[in-house]
Amino acid sequence: MYISSRGMVTRNFTIAIVNGIVTLIILLIAPLGLATVISNTFLVMVASFFTATFVDGMTRFIQPNRSIEEIRSYYDTPYSSELNPRSSHEIQR
């Protein structure tokens, strides 16, 4: 599955927001100060974003690169499939 860089950033940002909301809900139940809840929620969002970005990079590293395969298949074409120029006496009028 191919996903663009913009799509990956959008997905990772969405993951971070959802994880931040879940953390905020859990921490608001606990008897902590508001500053602690806000800073912890922010740190969870940042950690989620960078973790998802790291996993995307590892996934791209593990997957085979398709552009190299396309280049190889271009050079593997037999010589007979190439076009040869015709001389002037071979052209019929």
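Rules and cut-offs
Residues numbered from 1 in each chain as written. Predicted model: local features only at pLDDT ≥ 70, side-chain atom pairs only at ≥ 80, totals over all residues. Heavy atoms only, no water. Helix = DSSP H or I, 4+ residues; strand = E, 2+ residues; numbered from the N terminus. Buried < 20%, exposed > 50% of the residue type's maximum accessible area, 1.4 Å probe, protein only. Contact = heavy atoms within 4.5 Å. Areas by Shrake-Rupley, 256 points an atom, 1.4 Å probe, with all protein chains shown as cover. Phe/Tyr/Trp six-rings, centres within 6.5 Å; stacked < 30°, edge-to-face > 60°. Salt bridge = Lys/Arg side-chain N within 4 Å of Asp/Glu carboxyl O.

Enquirer: Run through the overall build of the protein chain, naming residues and quoting values.
Expert: Of regular secondary structure, the protein chain possesses 3 helices and 0 strands. Within the protein chain, the proportion of its 93 residues that are buried is 12%. A fraction of 68% describes how many contacts in the protein chain between residues 6 or more apart in sequence connect residues 24 or more apart. Entry remark: accessible area of the protein chain is about 8300 Å², with carbon and sulfur atoms responsible for 67%.

Enquirer: I'd love a proper account of the packing of aromatic side chains, names of residues and values included.
Expert: Note on aromatic pairs: each is described by the distance of the centres and the angle between the planes. Enumeration according to the criterion identifies 1 aromatic pair in this entry. For the ring pair F49 and F50, a centre distance of 5.5 Å and an interplane angle of 80° mean the geometry is edge-to-face.

Enquirer: Provide a residue-level description of the pattern of salt bridges, including the pertinent values.
Expert: Using the criterion set out here, one finds 1 salt bridge in the structure. Put simply, R11 and D56 hold a salt bridge, and the shortest N to O gap is 2.3 Å. In this pair, R11 is assigned in helix α1 (residues 5-29) and D56 in helix α2 (residues 34-62), connecting sequence segments 45 residues apart.

Enquirer: Tell me about the environment of F13, and name the residues and values.
Expert: Position of F13 relative to the elements: it lies in helix α1. Residues F13 and F49 lie 36 residues apart in sequence; the distance between their C-alpha atoms is 6.0 Å.

Purely geometric stuff here, so don't read any function into it on its own.
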